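Fold and geometry: a report
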Amino acid sequence: MAFLSDTLARVKPSPTIMMTTKAQELKAQGRDVIGLSAGEPDFDTPDNIKAAAIAAIEAGKTKYTAPDGMPELKQAICAKFARDNGLTYKPSQVSVGTGGKQVLYNALMATLNPGDEVIVPAPYWVSYPDMVLLAGGTPVTVEAGIETGFRLTPEMLEAAITPKTKWLIFNSPSNPTGAGYSWDQLKALTDVLLRHPHVYILSDDMYEHLAYGDFKFCTPAQVEPALYDRTLTVNGVSKAYAMTGWRIGYAAGPENLIAAMRKIQSQSTSNPCTISQWASVEALNGTQDYIAPNNELFVRRRDLVVSMLNEIEGVTCPVPDGAFYVYPSIAGLIGKTSAAGTVIDSDATFATALLEEGNVAVVFGEAFGLSPYFRISYATSEAILEEACKRIQEFCKGLK
Ligand SMILES: Cc1ncc(COP(=O)(O)O)c(C=O)c1O
């Protein structure tokens, strides 16, 4: 009898962790490596949020709460959905978990049976397909490359739906591309879903507030109210409030699904950290004034990285609508050989050679299900980004 479960054999280790580990090893050897692989803002958590957490500790608010979130936070989440998205939810339609990650996982665990399919547009956030596999479902990836602006088209969606489709996972602005769907682009997708009443939509709105320029964020249940009963809208405080380590995410949707997710959470982790919940009440109810200045910084960083990458022959970098990632194509570099003699036959060899020869850590496209690309997280200072992009330019210039 095998010691480890068969479930585990279905999932693969994270390729992003592989790159990060390699970068750390090189750093430990004293190499000056710049890491652009982390998916978190470099800003500190705002002071008003920290103060709310400290006040909660001092007031003794350190005990268990209801397993899927305390009433005060659920109320703040309902107010946020009404304020930002025009969506009306009752607290009984809200689930709070240890990060958006747990909420997504619970939703898939609560709904998937063997054979159930989940449409995952690629490039995708690395965890979606493996979470589907862990929950016993089948991920159906649909490639949406640079030609469609990394956006799923209605035709692609229609072609991917089968009688076994349970969910479409939708993520805008996206990790890893930063591509966002306009109201009309999203409406074209929700029109398709209206024709297939057995398909539910899992909208991952984690990067809602990181939206730049003319791009206006919108979410499926808002764009098509007829899908309200078939939509789970997932969000969290990690990205917009620089709270990745506090681990609070949430979702709102049909009451029966929320109750099923509560059952899973009550028998696994129980409530997310009480102190973090109080901090999140302040994040959602308190001032939102720091989001705009942070976004101004992100736009400057984005524009710097996009322009420096587009100066490289063989690299094409679209301008993202939001989040803090760029996802340039390296189609023009495949087949070339690096100064040290590595043949660049994939984005994985590109990223490995760039790290070893150019001292910059990026994540290769294969990790996100679409090649040949790589992902840079620009959530770091302009000075570091400029130096990193110079190194990438040099490395690419050396390819023959
Ligand atoms: C697209 C997307 N969804 C969900 C998450 C999960 O965020 P958290 O668990 O910190 O709320 C992330 C984090 O990187 C993400 O990029």
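Residues numbered from 1 in each chain as written. Predicted model: local features only at pLDDT ≥ 70, side-chain atom pairs only at ≥ 80, totals over all residues.

What to know about the overall build of the chain
Just so we agree on the cut-off: By the criteria applied, helices consist of DSSP H or I runs no shorter than four residues and strands consist of E runs no shorter than two, each listed in order from the N terminus. Radius of gyration: C-alpha atoms only; globule rule: 2.2 Å multiplied by the number of residues to the exponent 0.38. Residues with at least 20 neighbouring C-beta atoms inside 10 Å of their own are called buried, those with 12 or fewer are called exposed, and the rest are partly exposed, where every C-beta is derived from the backbone. We call two residues in contact whenever the C-beta atoms placed from their backbones are within 7 Å.
Within the chain, the secondary structure is distributed over 14 helices and 12 strands. Its C-alpha atoms give the chain a radius of gyration of 21 Å, within 12% of the compact-globule value 21 Å for 400 residues. The C-alpha extent of the chain, read off along each of the three principal axes, is 60 × 55 × 55 Å. Counting all 400 residues of the chain, 49% fall into the buried class. Intrachain contacts of the chain at a sequence separation of at least 6 include 72% that bridge at least 24 residues.

Here's the deal with the domain arrangement of the chain
Think of interface size as the accessible area that goes away when the parts come together; that is how it is often given. Selection criterion: Boundary definitions for the domains trace back to an automatic or database domain assignment. Three categories are distinguished: nonpolar for Ala, Val, Leu, Ile, Met, Phe, Trp, Tyr, Cys and Pro, charged for Asp, Glu, Lys and Arg, and polar for the others, with Gly belonging to the last.
Entries for the chain in the domain assignment read domain 1 (6–44 + 291–395) and domain 2 (63–285). The centre of domain 1, based on its C-alpha atoms, is set 26 Å off from the matching centre of domain 2. Contributions of two or more residues to the side of domain 1 that touches domain 2 are made by helix H1 (6–10), helix H12 (291–310) and strand S9 (325–326). Top element by residues in the side of domain 1 that touches domain 2 is H12. It accounts for 5 residues. Here the residues of the side of domain 1 that touches domain 2 sort into 17 nonpolar, 10 polar and 7 charged.

Some details on the site of the ligand
Going by this rule: Only the C-beta atom matters for this test: placed from the backbone, it must lie within 6 Å of a molecule or strand for the residue to be near it.
The environment of the ligand is formed by 13 residues, the closest being Gly-99, Gly-100, Lys-101, Asn-175 and Ser-238. Looking at which element gives the most residues to the shell around the ligand, the answer is helix H5 (residues 99–111), with 3 residues. When its residues are assigned to classes, the shell around the ligand shows 2 nonpolar, 9 polar and 2 charged.

A word on the UniProt feature "domain: Aminotransferase class I/classII large" (unreviewed entry) in the chain
Selection rule: UniProt positions are given in the numbering used here, feature names are shortened, and annotations may be inferred rather than shown by experiment.
Under the UniProt annotation, the feature "domain: Aminotransferase class I/classII large" (unreviewed entry) is placed at residues 32–392. The annotated region residues 32–392 carries 38% helix and 14% strand content, and the separation between its end C-alpha atoms amounts to 14 Å.

A closer look at the sheet that holds strand S4 (residues 138–143)
Definition in use: We call two strands paired when DSSP finds no fewer than two bridges between them. A fitted line through C-alpha atoms represents every axis, and for helices the fit uses only the stretch in contact; the resulting angles, taken between N-to-C directions, go from 0 to 180 degrees.
Taking strand neighbours across the sheet as the criterion, the 7 strands line up as S2-S8-S7-S6-S5-S3-S4 in an open arrangement whose pairing is mixed. Of all the strands in the sheet, the pair left with one neighbour each is strand S2 (94–97) and S4. For this sheet, the mean angle separating the axes of adjacent strands, direction not counted, is 20°. As defined by bridge partners, strand S6 (residues 200–204) adjoins strand S7 (residues 231–236) across 4 bridges and the pair is classed as parallel. Bridge pairing in S7 links Ile-201 to Thr-231.

Remarks on the sheet that holds strand S11 (residues 363–364)
Taken in spatial order, the 3 strands make up an open sheet running S9-S12-S11, and their pairing is antiparallel. Edge strands, defined here as strands with exactly one partner in the open sheet, are S9 and S11. Here 2 bridges tie S9 to strand S12 (residues 374–377), and the two strands are oriented antiparallel to one another. Opposite Tyr-325, over in S12, you have Ser-377 as the bridge partner.

A few points about the pairing of strand S5 (residues 165–171)
Regular strands have side chains that alternate between both faces of the sheet. Defined as follows: We call a crossover right-handed when, viewed with the strands running away from us, the connection from the first strand over the helix to the second turns clockwise.
Counting buried positions along S5 gives 7 out of 7 residues, so the element sits mostly inside the fold. Here strand S3 (residues 117–122) pairs with S5 via 3 bridges, running parallel. Bridge assignment links Glu-117 to a residue of S5, and that residue is Thr-165. Pairing analysis gives 5 bridges linking S5 to S6, with the strands arranged parallel. The partner of Ile-169 across the bridge, within S6, is Leu-202. Where the polypeptide runs from S5 across helix H8 (residues 183–194) and back to S6, its parallel neighbour, the crossover connection is right-handed.

Details of the nonpolar core
Selection criterion: Structurally, a nonpolar core is described as a collection of buried Ala, Val, Leu, Ile, Met, Phe, Trp, Tyr and Cys residues joined by way of C-beta atoms within 7 Å.
In terms of nonpolar packing, the biggest core is built from 117 residues, with Ala-107 and Ala-351 touching the most fellow members. Counting the residues that make up this core, at least three belong to each of domain 1 (6–44 + 291–395) and domain 2 (63–285). The residues contacting Ala-351, other than those within four sequence positions of it, are Met-19, Val-362, Val-363, Phe-364 and Phe-374.

Here we look at unusual backbone geometry
Looking along the chain, the bond that leaves Asn-175 and enters Pro-176 is cis, with omega of 25°. Structurally, Pro-176 can be placed in the loop between S5 and H8. Put simply, Ser-371 and Pro-372 share a cis peptide bond, and its omega is -5°. In this structure, Pro-372 sits in the loop between S11 and S12. Notably, Phe-150 is not glycine yet its phi reads approximately 65°, a positive angle. Note that Phe-150 resides in the loop between S4 and helix H7 (154–160).

Looking at helix H14 (residues 382–397)
What counts here: Expected helix span is computed as 1.5 Å times (number of residues minus one).
Look at H14: 22 Å from first C-alpha to last across 16 residues, which is about the 22 Å you get at 1.5 Å a residue. Along its buried surface, H14 packs onto strand S1 (34–35), H12, helix H13 (347–358) and strand S10 (360–361).

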